[in-house]
Every structure is written in C-alpha cells, then in structure tokens.
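Inside the fold
Below are the chains, spelled out letter by letter.
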Amino acid sequence: MSENTEQRVCIKFCHKLGKTATETYQILLLAYGDETMSRARVFEWFKRFKEGRTTVESDEREKHPSTSRNEEIIQKIRTATRGNRHLTIMELGNEFQISFGSVQTILMTNLDMRRVAAKFVPKLLSDEQKENRKQIATDLLECSKSDDFFFKSIMTGDET
C-alpha cells in the first residue's frame, strides 16, 4: 500500500469517527511528520469521503493518445533520416508538422539515434599540397640516413 493510500485510509477513518478536516490534518501530521500529504490534499479527500466516496484509490485518468508519436510518423522520420543524415530536428518537425520535442523524442527514444558533431574534420589537400608534403617527407628521410644529429635537433608541436 502506498504512503498516500495509507493516509487516505486514515482520513476515511477520521471522517467516520466524526473528526473535522483540520483535526484530521493535525492527526496525520503527528503520525507521518514530514511525509504527510499537503493540507489541501487532506481537505480534498476529506470532502470526498464526506460526499459519500467509499474507495481510497485514485481515480483513473484519461490518457490522451499521442498524435505525433505513432508508428506511421516514426517510420516516416526513420526513412527521412536514412535518406539524408544532415536533416535537423527543426526541419523534420516542419516537414511532418509535429513539435520539436516530439521529433527529438522519436529520434532519441524510438530510433535510438544521437547527433554527433565531428569537431575535427580532416582537411582536404589539393594535388599540389599533397606533392609538396611528399617531397618534404622524402627530403627528411634522406637527411635522417646521412646525419644522425639532424633529428635530435628538431622540435615538434602544433599551433595549440
């Protein structure tokens, strides 16, 4: 039995004993301390029992069906992202007329996708630059064969 259900039973019991809502709240404070439900909830449940309610269980809530997270939309987003991996969440939302949050949930939860941004992308070199690198590497290789001291004097590093 959950804490709230247990307290509702106590509220119902106090109501049957003829206690007031204020007295019931005070009794619950003594019994449960910091774990006591709020004063407003105690008064609300007391009123329900006063009006003839017999059950201490919560009322069933009506669930609204999700119109944006259904199998049809999930499949459409899966197809769109496989066709173009560079689509943004905003673009997908606009295309399928659903909210940003729904698209994000579909991508992360239903399709198990993550956005990965590459911070370091290899630089594309021209043919001339590639030839220049090859020539420098060849020259360094020849120097290393002829002089052992040469490589001990080189300091390496990058711009950071």
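Residues numbered from 1 in each chain as written. Predicted model: local features only at pLDDT ≥ 70, side-chain atom pairs only at ≥ 80, totals over all residues. Heavy atoms only, no water.

- By the naming in an unreviewed UniProt entry, the protein chain is Protein GVQW3-like, taken from Sipha flava.

1. A look at helix α5 (residues 89–96)
- Listing the buried residues of α5 in full gives Ile 89, Leu 92, Gly 93 and Phe 96. The buried residues of α5 all sit within an arc of 100 degrees when viewed along its axis, so they share a single face.
- In this fold, the buried residues of α5 make contact with α4 (71–83) and α6 (100–110). (Buried < 20%, exposed > 50% of the residue type's maximum accessible area, 1.4 Å probe, protein only. Helix = DSSP H or I, 4+ residues; strand = E, 2+ residues; numbered from the N terminus. Arc of directions from axis to C-beta. Contact = heavy atoms within 4.5 Å.)

2. With respect to the packing of helix α2 (residues 21–32) against helix α3 (residues 39–50)
- α3 packs onto α2 with a crossing angle of 130 degrees between their chain directions and a minimal axis gap of 10 Å. Here α2 lies oblique to α3, going by the angle between them. Here the hand of the crossing between α2 and α3 comes out right-handed. When α2 is examined against α3, the residues Ala 21, Thr 22, Thr 24, Tyr 25 and Leu 28 are found in contact with a partner set consisting of Arg 39, Val 42, Phe 43 and Phe 46.
- Among the residues making up the contact of α2 with α3, the classes are represented as 6 nonpolar, 2 polar and 1 charged. (Axes fitted to C-alpha atoms, helices over the stretch in contact; angles between N-to-C directions. Parallel < 35°, antiparallel > 145°, perpendicular 65-115°, else oblique. Left-handed = near helix turned anticlockwise from the far one by under 90°. Nonpolar A, V, L, I, M, F, W, Y, C, P; charged D, E, K, R; others polar.)

3. Thoughts on the confidence of the model for the protein chain
- Confidence along the protein chain averages 81 in pLDDT terms, with 79% of residues attaining 70 or more.
- The element-level mean pLDDT for the protein chain is lowest in helix α8 (residues 149–152), coming to 63, with α2 highest at 92.
- Across residues 118–122 the pLDDT falls below 50, and counting only partners more than four positions away or on other chains, this stretch makes 0 contacts in the model. (pLDDT = per-residue confidence, 0-100.)

4. Focus: the pattern of salt bridges
- Summed over all chains, the structure comprises 4 salt bridges.
- In this structure, Glu 44 and Arg 41 form a salt bridge, with 2.2 Å as the shortest nitrogen-oxygen distance. Note that Glu 44 and Arg 41 are positioned in helix α3 at a spacing of 3 residues, about one turn of the helix.
- Exposure remark for Glu 44: the relative accessible area of 27% places this residue in the partly exposed category.
- Relative accessible area serves as the criterion here: at 40%, Arg 41 is assigned to the partly exposed category.
- With a closest N to O distance of 4.0 Å, Lys 47 and Glu 51 form a salt bridge. (Salt bridge = Lys/Arg side-chain N within 4 Å of Asp/Glu carboxyl O.)

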